[in-house]
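The lines below spell out each chain.
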Amino acid sequence: MNFQNTIDFARQSDVNDKLKSFRSKFHIPQHNGKDTVYFTGNSLGLQPKTTKSFIEQELNDWAKYGVEGHFMAKNPWLPYHEFLTDNMAKLVGALPEETVMMNQLTVNLHLLMVSFYRPTKQRYKIICEAKAFPSDQYALQSQVKFHGFKIEDALIEIEPREGEFSIRHEDIYEAIEKNKDSLALIMIGGVNYFTGQVFDMKTITEAGHKVGAIVGFDLAHAAGNLKLHLHDWNVDFACWCSYKYLNSGPGSVAGAFVHQKHLKNIELPMFTGWWGHDKKTRFLMDKTFIPMQTAERWQMSNAPVFAMAACRASLEIFVEAGMDALTEKSKMLTAYLEFIIEEINKQKNNCLQIITPKENRGCQISIVANGYGKDLYNKLMENGVIPDWREPNVIRCAPVPLYNSYEDVFRFGEILKSLL
Ligand SMILES: Cc1ncc(COP(=O)(O)O)c(C=O)c1O
């Protein structure tokens, strides 16, 4: 594609965009009466205009029916999570029986590790990425300690090589091979939150299984961003949140995936609650737990309906747009952002360094502005651009295909250039 750094080019690209109508389905935050350049959909996605009516429906039914809403509501609350399952499963390349929306991301990670991190004296190590999101690090460390192992011994963090930002896949494979007799689990983010690097989940899963390890992914930055094939890749388990690319609102309900091959194994150790009990007999209130043979078994509690209503509204939009069209636009929009940054670099002494690998990325580009600190980010904010800042020196920008435009990218470039 021959990109041009002009407003006419950006506007024409928006006219040609097959997904252009989707922007109007979202509330775009305003700055001085104009749309902001919102590049933080990788942190908190924007609110679909339909979200309010989805939540209002449940508020109205609560007012109308009280507890009877569990059965009488237009969308009965008792099975409410089921309304999300098919669309969510489609988005992550899973079977419906492998998918459940529940809890929050870190909670799900812990619950899945209860089942899938079963260390023995011989096999107890975990491979993870260095500089994983802190909550993942805390979760992994606490699981290791909980099982009586030492963090320094059990956690193998794969780091980028000296002077590099991305982790080389060959270094992951080498670590797997080197620890093949003691490796219990590989748990990596599908996309690193800091650099935006996308990992080859299929090959990592194969490599882990080859040495007898379990493989799980945190898909916080991958769900709704990349095309995923969790079932076909044979991933053992995965979890993700729904408030980033999935636009379900702050702290909304998270997702969990357990591969079909594990679902019949009712001996899997796990922490249980009544919502994981066989649906047909749950309300007999018997003390014996009868496990469901779907990912719903990992549910403990009844569904947070308001959060799920927001998630439903968002998933409908995703399914309408389709991940094929979204990833196609995402590649173009991100490439345009990269082009604009390179154009600025030509005029500004190459001061912008992109640390996201070109060949392994979704719609996030992480930039180090050499010679500039957080002040640059603050000035972007003052000028109506909302990217996000990660200590010590990274500005993350995510042009999201559902609601960002080529004009957003062009405007970002003009504002950034004026501040350098
Ligand atoms: C990669 C990753 N893991 C874990 C979390 C924590 O999520 P939660 O607060 O929903 O548990 C986040 C939040 O941004 C994240 O990006």
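Everything discussed here concerns the structure shown above.
Summary of the structure given here. (Residues numbered from 1 in each chain as written. Predicted model: local features only at pLDDT ≥ 70, side-chain atom pairs only at ≥ 80, totals over all residues. Heavy atoms only, no water.)

**What to know about helix 11 (residues 305–321)**
If you check helix 11, its first and last C-alpha atoms are 24 Å apart, about what 17 residues at 1.5 Å a residue would give, namely 24 Å. Most of helix 11 is tucked away, with twelve of its 17 residues classed as buried. Those residues of helix 11 not exposed but buried are Val-305, Met-308, Ala-309, Ala-310, Cys-311, Arg-312, Ala-313, Ser-314, Leu-315, Ile-317, Phe-318 and Ala-321. Those residues of helix 11 that are buried lie in contact with helix 2 (51–65), helix 4 (82–92), strand 4 (99–101) and helix 12 (323–347). Remark: Gly-322 follows helix 11 within two positions and exhibits a positive phi of approximately 85°. (Helix = DSSP H or I, 4+ residues; strand = E, 2+ residues; numbered from the N terminus. Expected span 1.5 Å × (residues − 1). Buried < 20%, exposed > 50% of the residue type's maximum accessible area, 1.4 Å probe, protein only. Contact = heavy atoms within 4.5 Å.)

**With respect to the sheet that holds strand 5 (residues 125–129)**
Strand order in the open sheet made by the seven strands is 4-10-9-8-7-5-6, with mixed pairing throughout. Two strands lie at the open edges of the sheet, namely strand 4 and strand 6 (155–158), each paired on one side alone. Neighbour-to-neighbour, the strand axes of this sheet turn through a mean angle of 15°, independent of strand direction. Sheet analysis places strand 4 next to strand 10 (residues 255–258), joined by three bridges and oriented antiparallel. Note that in strand 10 the partner of Met-101 across the bridge is Gly-255. Most of the contacts of helix 5 (residues 105–116) go to strand 9 (residues 237–240), to which it runs at about 170°, and overall it touches strand 7 (183–189), strand 8 (214–218), strand 9 and strand 10. (Pairing = 2+ DSSP bridges. Axes fitted to C-alpha atoms, helices over the stretch in contact; angles between N-to-C directions.)

**Some words on the environment of Phe-289**
If you trace the backbone, Phe-289 turns up in the loop between helix 10 (260–263) and helix 11. Residue Phe-289 is classed as partly exposed on the basis of its relative accessible area, which comes to 29%. Not counting the four nearest positions on each side in its chain, Phe-289 is found in contact with Thr-272, Gly-273, Gly-276, His-277 and Arg-297.

**Examining the pairing of strand 9**
Each regular strand displays side chains that alternate between the two surfaces of the sheet. What you see with strand 9 is no split at all: Phe-237 and Cys-239 on one side and Ala-238 and Trp-240 on the other are buried throughout. Of the pairings in the sheet, the one linking strand 8 to strand 9 comprises three bridges and is parallel in character. Within the sheet, the bridge partner assigned to Phe-217 lies in strand 9 and is Ala-238. As paired elements, strand 9 and strand 10 share four bridges and run antiparallel to each other.

**Section: helix 14 (residues 406–419)**
In this model, helix 14 (14 residues) spans 20 Å end to end at C-alpha, consistent with the 20 Å of a helix rising 1.5 Å per residue. Buried residues dominate helix 14, accounting for ten of its 14 residues. Taken together, the buried positions of helix 14 are Tyr-406, Asp-408, Val-409, Phe-410, Arg-411, Phe-412, Gly-413, Ile-415, Leu-416 and Lys-417.

**Notes on the packing of aromatic side chains**
Centre distance and the angle of the planes are the two values used to describe a pair of aromatic rings. Enumeration according to the criterion identifies 20 aromatic pairs in this entry. Between Tyr-80 and Phe-83, the ring centres sit 5.2 Å apart and the planes meet at 85°, which makes this aromatic pair edge-to-face. What makes Tyr-80 buried here is its relative accessible area of 0%. Given a relative accessible area of 31%, Phe-83 falls into the partly exposed group. Taken together, the ring pairs in this structure connect Phe-3, Phe-9, Tyr-336, Phe-339 and Tyr-406 into an aromatic cluster. (Phe/Tyr/Trp six-rings, centres within 6.5 Å; stacked < 30°, edge-to-face > 60°.)

Scope: geometric values only; no functional claims are made or implied.
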